[in-house]
Structure formats: structure tokens, C-alpha cells
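Per-entry structural report
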Amino acid sequence: MKKKVAFVCVHNSCRSQMAEGWAKKLGSDVLEAYSAGTERYPEVNPLAVQVMEEAGVDMSTHYPKLLSDIPAEVDILITMGCNVDCPYVPCKHREDWGIADPSGGSIEDYRKTRDIIKEKVKDLIKRIKNNQL
């Protein structure tokens with residue numbers, strides 16, 4: 001049985017989208033990945049899409065989603081460092097990754113964020129496979 005994992009931040013335009021992309025690429029055998037934001041936003045950040053494509057993750061079909069667009073209950077909720085209290089989402093496990101938003105920064109900031117998220121997603125997948133979550 002796959003775990004439902006939701007990655008949540010404010011706009012669902014950068015960090016949570018990267019996390020969803022990595023989770024789908026690296027962990028589709030053990031999880032169903034979703035991402036959402038707490039506020040409506042017009043597009044996924046183009047630099048986020050670009051740096052993920054550099055790493056071999058296609059996000060061309062991704063679009064910003066709200067919490068109402070994903071399952072109402074998930075197994076694991078990951079907040080990306082919202083700097084706000086994310087609304088309550090029913091879940092069995094919750095953690096905050098506290099990742100700084102690279103929006104407005106250089107392409108290198110996006111690459112660093114991408115790589116941090118990749119390592120965190122790999123660790124999450126390992127913990128799921130080891131029945132730690």
C-alpha cells in the first residue's frame with residue numbers, strides 16, 4: 001500500500017512543486033505524491049521548472065494547486081517552511097522541512113534548493129521503505 005504524501009507551501013509554485021517532482025521520479029513505487037499551496041498563484045516558477053529539467057525531472061505539466069485540489073486526508077504532510085501556520089490537514093505524520101524560498105534569487109539559489117529537496121525526498125523514501133513512517 002503506497003503512502004499518500006502531500007508537500008505544502010504558500011503558493012505551490014516552487015519548493016513544494018520540486019518536492020512533488022522528485023517524489024514522483026524517485027519514489028513512485030512507495031508513495032503517491034501531491035503538492036498544494038495555501039494561496040492561489042498563477043504559475044509554477046519558470047526557474048524551478050528549468051532547474052528540475054536540468055536534473056532530468058519534467059515539470060512541464062505541473063500547475064499550482066490549492067489544498068482543496070488534493071486528497072482531504074494524507075498519510076504524510078510535509079510543509080516546506082511556510083513562515084505561516086499551514087492549515088490543518090488530517091495526516092498520520094507531519095514534519096516541516098524549513099527550506100528557504102529561492103524566489104527572487106539567482107539560478108544558483110534554485111539549484112541549491114533543488115538539491116536540498118532531492119536529499120530530503122530520498123531520506124523520506126528510505127524511511128517509508130524501512131517502515132519508519
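Just above, that's the structure.
Please read all numbers here as calculations on a predicted model, not as lab measurements.

Before going further, it helps to examine the overall build of the chain. The number of helices and strands found in the chain is three helices and four strands. Sequence-ordered secondary structure for the chain, helices as α and strands as β, is β-α-β-α-β-β-α. Taken along the three principal axes of its C-alpha coordinates, the chain extends 35 × 30 × 25 Å. A buried classification covers 47% of the 133 residues belonging to the chain. Approximately 6800 Å² of the chain is accessible, and the part contributed by carbon and sulfur atoms is 47%. Computed over 19 positive and 20 negative side-chain charges, the separation of the two mean positions in the chain equals 5 Å.

A few words on the packing of helix α1 (residues 15-27) against helix α3 (residues 107-129). One way to put it is that α1 packs onto α3 with a least axis distance of 9 Å and a crossing angle of 45°. Regarding the angle of α1 to α3, the classification is oblique. The hand of the α1/α3 crossing is right-handed. Only Tyr110, Thr113, Arg114, Ile117, Lys118, Val121, Lys122 and Ile125 of α3 make contact with α1, whose side of the interface consists of Arg15, Met18, Ala19, Trp22, Ala23, Leu26 and Gly27. Tallied by class, residues from the contact of α1 with α3 come to nine nonpolar, two polar and four charged.

With 29 residues, the main nonpolar core has Phe7, Met80 and Val121 as its most contacted residues. Elements with a contribution of two residues or more to this core: β1 (3-9), α1, β2 (31-37), α2 (46-54), β3 (76-79) and α3. The residues contacting methionine 80, other than those within four sequence positions of it, are Phe7, Val8, Cys9, Arg15, Ser16, Ala19, Asp96, Trp97, Gly98, Ile99 and Ile117. Ranked by size, the runner-up nonpolar core spans seven residues in total, among them Ala36, Ile70, Val74 and Val89.

Definitions and limits used
- Residues numbered from 1 in each chain as written.
- Predicted model: local features only at pLDDT ≥ 70, side-chain atom pairs only at ≥ 80, totals over all residues.
- Heavy atoms only, no water.
- Helix = DSSP H or I, 4+ residues; strand = E, 2+ residues; numbered from the N terminus.
- Buried < 20%, exposed > 50% of the residue type's maximum accessible area, 1.4 Å probe, protein only.
- Areas by Shrake-Rupley, 256 points an atom, 1.4 Å probe, with all protein chains shown as cover.
- Lys, Arg positive; Asp, Glu negative; His and termini not counted.
- Charge placed at Lys NZ, Arg CZ, Asp CG, Glu CD.
- Axes fitted to C-alpha atoms, helices over the stretch in contact; angles between N-to-C directions.
- Parallel < 35°, antiparallel > 145°, perpendicular 65-115°, else oblique.
- Left-handed = near helix turned anticlockwise from the far one by under 90°.
- Contact = heavy atoms within 4.5 Å.
- Nonpolar A, V, L, I, M, F, W, Y, C, P; charged D, E, K, R; others polar.
- Core = buried A, V, L, I, M, F, W, Y, C linked by side-chain atoms within 4.5 Å.

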